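Report on the structure
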Amino acid sequence: MKNNLLKKLRSQTGASITYALLLFLVCAVLCSVIITAATASSGRMSKMAETDQRYYAVTSAAELLKEMFQEHPTISIVKVEEKEETTTYTSGSAGTPVAGETTTKVYIVPDRKASEIRESDYKYSDGTDKDEFLLEKDSEATLTFQNDTLQKDAAKNVYNNALLTNRSLLLSSDYVSGLAYDTLSVDVLENIDADGNLTFTLYNEYKANGSASDAGSRYTLVLSFAADRSVSTDKKTKNVSTTSLDDTSYKVKTKTTKTTTTTLTWNLQGIRTVS
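Scope of this entry: the structure provided in the associated data block. (Residues numbered from 1 in each chain as written. Predicted model: local features only at pLDDT ≥ 70, side-chain atom pairs only at ≥ 80, totals over all residues. Heavy atoms only, no water.)

Remarks on the overall build of the chain
A count of helical and extended segments in the chain gives three helices and ten strands. Starting at the N terminus and ending at the C terminus, the chain contains elements arranged as α-α-β-β-β-β-β-α-β-β-β-β-β. Out of the 275 residues belonging to the chain, those deemed buried represent 30%. Long-range pairs, those at least 24 residues apart, make up 61% of the contacts in the chain with a sequence separation of at least 6. Of the roughly 17500 Å² of accessible surface on the chain, 53% is carried by carbon and sulfur atoms. (Helix = DSSP H or I, 4+ residues; strand = E, 2+ residues; numbered from the N terminus. Buried < 20%, exposed > 50% of the residue type's maximum accessible area, 1.4 Å probe, protein only. Contact = heavy atoms within 4.5 Å. Areas by Shrake-Rupley, 256 points an atom, 1.4 Å probe, with all protein chains shown as cover.)

Re the nonpolar core
Counting residues in each nonpolar core, the largest one holds 29 residues, and the members touching the most others are Leu198, Phe200, Leu202, Leu264 and Trp266. The set of elements that each furnish at least two residues to this core consists of helix H2 (15-71), strand E1 (74-90), strand E3 (98-110), helix H3 (150-159), strand E7 (186-192), strand E8 (198-204), strand E9 (220-244) and strand E10 (249-274). Among the elements that line this core, the one with the most residues is H2, at six residues. For Leu202, the contacting residues outside a window of four places in its chain are Val58, Ala61, Ala62, Leu65, Val186, Asp187, Val188, Tyr219, Thr220, Leu221 and Leu223. Residues Val109, Ile117, Tyr122 and Leu134 belong to the second largest nonpolar core, which totals seven residues. (Core = buried A, V, L, I, M, F, W, Y, C linked by side-chain atoms within 4.5 Å.)

What about H3?
Of all ten residues in H3, eight are buried, a share of seventy percent or more. Residues Leu150, Gln151, Lys152, Asp153, Ala154, Ala155, Asn157 and Val158 constitute the buried set of H3. At the C-terminal side of H3, Asn161 shows a positive phi close to 55°.

Re the environment of Lys235
Following the sequence through the fold, Lys235 ends up in strand E9. Overall, Lys235 belongs to the exposed group, its relative accessible area being 60%. Measuring from C-alpha to C-alpha, the distance between Lys235 and Thr259 comes to 6.3 Å, with 24 residues separating the pair along the chain. Beyond its immediate stretch of four places on either side in the chain, Lys235 contacts Thr256, Thr257 and Lys258.

Shown next as structure tokens:
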């Protein structure tokens, strides 16, 4: 009996089950680690896709704005004041000028600096106005002015001394993603100061599920454009007509044209992210 007991204590029989249990335990731990890592990775990939969507929407919109101002950085506000006067001359002596018709017109001329502007830029060859550029006539805004670019709108606001604080704009796309919303749609907040400097704050309009974005789900960029502003004035007087009154007197009608040109040229000052 004693010998049999010693043999059993020294026997290797049954050791394989211990190793099997140990191996099973190791495999179970590894599987648990792999599943946990895969779950975490899946969550990160899901978040990454959402982050990429927001990032590309906003950066694409920012690039569009940057290109718009790089291609068309300059615009001029042309104010033309015309004043007619009639002066009577008697025996060679001039009398007191009598004021006649006066007109004031304001034009917005894109892609031209003051030194480059010609009357043909805002008037036809017959002298009539190019209505799409005519912003104001005799202190009254026109209905024909085409306010169709951010640069023209900014020039209009500068002329009217109209500051903008977080004016809401929307940049949308015609990209078809198969979803029920525009994945590239970007909200824009526009600011303009008294000097014409522009700031645009851009962020994605939607979350990945199509609901409106909030502070915690936005990728935000701020673009700043500094305005280089210059003003020039030109004044000309010409005789319109001369009419004889009698042997010793005659009257002369003159027209004085004063042209004041304010030129704005925008340059990208910086792009920054907002956390």
